[in-house]
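Residues per chain, in single letters:
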Amino acid sequence: MSDSAPLFELDGVSYAYRNTPGLDGLDLTVRSGERLALVGANGSGKSTLLKLLAGLIFADHGSVRAFDEALDEDLFADEDRAIAFRRRVGLVFQNPDIQLFSPTVFDELAFGPLQLGWPPEEIRSQITATLERFEIAHLGDRAPHRLSGGEKKRVALACVLISEPQVLLLDEPTAALDPQSADAVVAFLQAERSQDRTIVLATHDLDRIEAVADRVVVLDHGKIVASGSPGAILDDTALLARSRLLHTRPA
Ligand SMILES: Nc1ncnc2c1ncn2[C@@H]1O[C@H](COP(=O)(O)OP(=O)(O)OP(=O)(O)O)[C@@H](O)[C@H]1O
């Protein structure tokens, strides 16, 4: 993996929401085919980093490069480059309600491919295949906002994956899922390994991290405090305790 091409290169990146720091001097390279997990306590900057990689927010300081060009406002001012970037990078939000707005799940799945100008027959056949792949065929005619939290998460993931992005960004993909649904997401992410898809995910699910990631980056107050293999990070209990990632038990 260390030899594969860098897709994202962040150099000294800082970002603040008005007066609240989100990211603070971050250096990070994400390579093609990598499965990278971002861990850290609430508010450590995981979602902010994912939004930055998705081109939804831009660095206040430092530089961000994606696919060998600057990932900044200028890229999105150019419609062709913006569309090309959006095709390559898909983000599944932590809260699926942000993402789902169509009258039915079927329409929701059609939205991305329609934007990309796919032919109608291809859209129809891809929707059928995607509904089956995510075991949501029975939800096709339902209104997304009337689904359960776990069902919404599956639909949101399917909506992003239908366009086959090269990079998949996932914000807490197993949160709010029942154990069986969480296992299904993990199995899906393991299967994606053979698809050459680059995956960056934020998670609090340390028990499943070895199954879904090759590398773990630990964030604390918007800074990267450690990066390593899942085994090395999980064994470092002092690091986990410092980063507020261990349970505390009442004395
Ligand atoms: N929309 C926003 N407006 C103002 N501050 C924000 C906003 N979103 C995040 N922040 C702040 O930025 C910092 C980083 O938040 P972020 O959401 O990136 O953390 P996180 O690691 O994803 O947290 P969690 O595990 O709770 O999802 C926090 O201090 C948070 O309060």
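Computed from a prediction, not measured in an experiment: that's the story for all the values here.

Peer 1: Run through the site of the ligand, naming residues and quoting values.
Peer 2: Around the ligand, the structure places 14 residues, and the nearest of them are Gly43, Lys46, Ser47, Thr48 and His204. The side chain of Thr48 places a nitrogen or oxygen atom 2.5 Å from an oxygen atom of the ligand. Isolated, the ligand exposes 640 Å² of accessible area, and the fraction of that covered by the protein chains is 65%. Contributions of two or more residues to the shell around the ligand are made by strand 2 (20–31) and helix 1 (46–53). With 3 residues, the top contributor of residues to the shell around the ligand is helix 1. Tallied by class, the residues present in the shell around the ligand amount to 3 nonpolar, 9 polar and 2 charged.

Peer 1: Would you mind going over the pairing of strand 10 (residues 223–228) in detail, with residue names and values included?
Peer 2: Of the pairings in the sheet, the one linking strand 9 (residues 215–220) to strand 10 comprises 5 bridges and is antiparallel in character. Counterpart to Leu219 in the pairing with strand 10 is Ile224. Adjacent in sequence and paired antiparallel, strand 9 and strand 10 are bridged by 2 residues, among which His221 carries a positive phi angle near 50 degrees.

Peer 1: Describe the side chain of Ser102, and please don't skip the residues or the numbers.
Peer 2: Structurally, Ser102 can be placed in the loop between strand 6 (89–92) and helix 4 (105–115). If we skip the residues at most four places from it in the chain, Ser102 touches Asp107, Glu108 and Pro144.

Peer 1: Just give me the short version of the environment of Asn42, but keep the residues and values in it.
Peer 2: For Asn42, the position within the fold is in the loop between strand 3 (35–39) and helix 1. Considering only alpha carbons, one finds Asn42 and Asp220, 178 residues apart in sequence, at a separation of 9.1 Å. In this structure Asn42 touches His204 and Arg244, once residues within four positions along its chain are discounted.

Peer 1: Let's hear about the confidence of the model for the protein: which residues, and what values?
Peer 2: Residues shown with low pLDDT carry predicted positions that ought not to be read at fine detail. Taken residue by residue, the protein gives an average pLDDT of 92. The fraction at 70 or more is 98%. On the interface metric, ipTM, the complex scores 0.98, and its pTM is 0.94.

Peer 1: Lay out helix 1 in plain terms, naming residues and giving numbers.
Peer 2: Each α-helix winds once per 3.6 residues, and so residues spaced three or four apart point in a common direction. The buried fraction of helix 1 amounts to 6 of the 8 residues, a majority that puts the element mostly inside the structure. Here helix 1 has its buried residues at Lys46, Thr48, Leu49, Leu50, Leu52 and Leu53. Two residues or fewer past helix 1, Gly55 is found with a positive phi of approximately 75 degrees.

Peer 1: Break down the sheet that holds strand 4 (residues 61–66) for me, with residues and values.
Peer 2: Sheets are built from strands paired through backbone hydrogen bonds, the pairs being either parallel or antiparallel. The 4 strands are arranged 2-1-4-5 in an open sheet whose pairing can be described as antiparallel. Two strands in the sheet have a free side with no partner beyond their single neighbour: strand 2 and strand 5 (69–70). Taken strand by strand, helix 1 contacts strand 1 (6–17), strand 2 and strand 4, and its axis lies near 125 degrees from that of strand 1.

Peer 1: How would you summarise the pattern of salt bridges if you had to cite specific residues and measurements?
Peer 2: Counted under the stated rule, the structure contains 9 salt bridges. Note that Glu34 is salt-bridged to Arg215, the shortest N-O span being 2.6 Å. One end of the pair, Glu34, is in the loop between strand 2 and strand 3; the other, Arg215, is in strand 9, with 181 residues separating them in the sequence. Glu34 gets classed as buried once you look at its relative accessible area, which sits at 6%. For Asp205, the salt bridge goes to Arg208, with nearest N and O atoms at 2.9 Å. A relative accessible area of 16% means that Asp205 is categorised as buried. Beyond isolated ion pairs, a larger network of salt bridges with shared partners links Asp183, Asp205 and Arg208.

Scoring rules and cut-offs
- Residue positions are counted from 1 within each chain, in the order its sequence is given.
- Local features are withheld for residues below a pLDDT of 70 in this predicted model, meaning they are given only at 70 or higher, and side-chain atom pairs are given and counted only at 80 or more; totals for whole chains, interfaces and linings count all residues.
- Heavy atoms from the whole structure form the basis of all side-chain values; hydrogens and water molecules are not counted.
- The cutoff for a nearby residue is simple: one of its non-hydrogen atoms must lie within 4 Å of the molecule or strand.
- Contacts described as polar in this section are N or O atom pairs within 3.5 Å, which, within protein, must combine one atom able to donate a hydrogen with one able to accept it, while residues neighboring in sequence count only if both atoms come from side chains.
- Only the protein chains shown count as cover for residues, and the accessible areas themselves come from Shrake-Rupley with a 1.4 Å probe.
- Elements are defined by DSSP. Helices are runs of H or I of four residues or more, strands are runs of E of two residues or more, and each kind is numbered from the N terminus.
- Three classes are used, and their members are as follows: Ala, Val, Leu, Ile, Met, Phe, Trp, Tyr, Cys and Pro are nonpolar, Asp, Glu, Lys and Arg are charged, and the others, Gly among them, are polar.
- Note on pairing: two strands pair once DSSP finds at least 2 bridges between them.
- Any two residues whose heavy atoms approach within 4.5 Å at even a single point are treated as in contact.
- A residue's pLDDT is the predictor's confidence in that residue, given on a scale from 0 to 100.
- Only protein chains enter the accessibility calculation, which uses a 1.4 Å probe; a residue whose area is less than 20% of its type maximum is buried, one above 50% is exposed, and one in between is partly exposed.
- To obtain an axis, a line is fitted to C-alpha atoms, over the contacting stretch when the element is a helix, and the angle between two such axes runs from 0 to 180 degrees between their N-to-C directions.
- Should a side-chain nitrogen of Lys or Arg be within 4 Å of a carboxyl oxygen of Asp or Glu, the pair is scored as a salt bridge.

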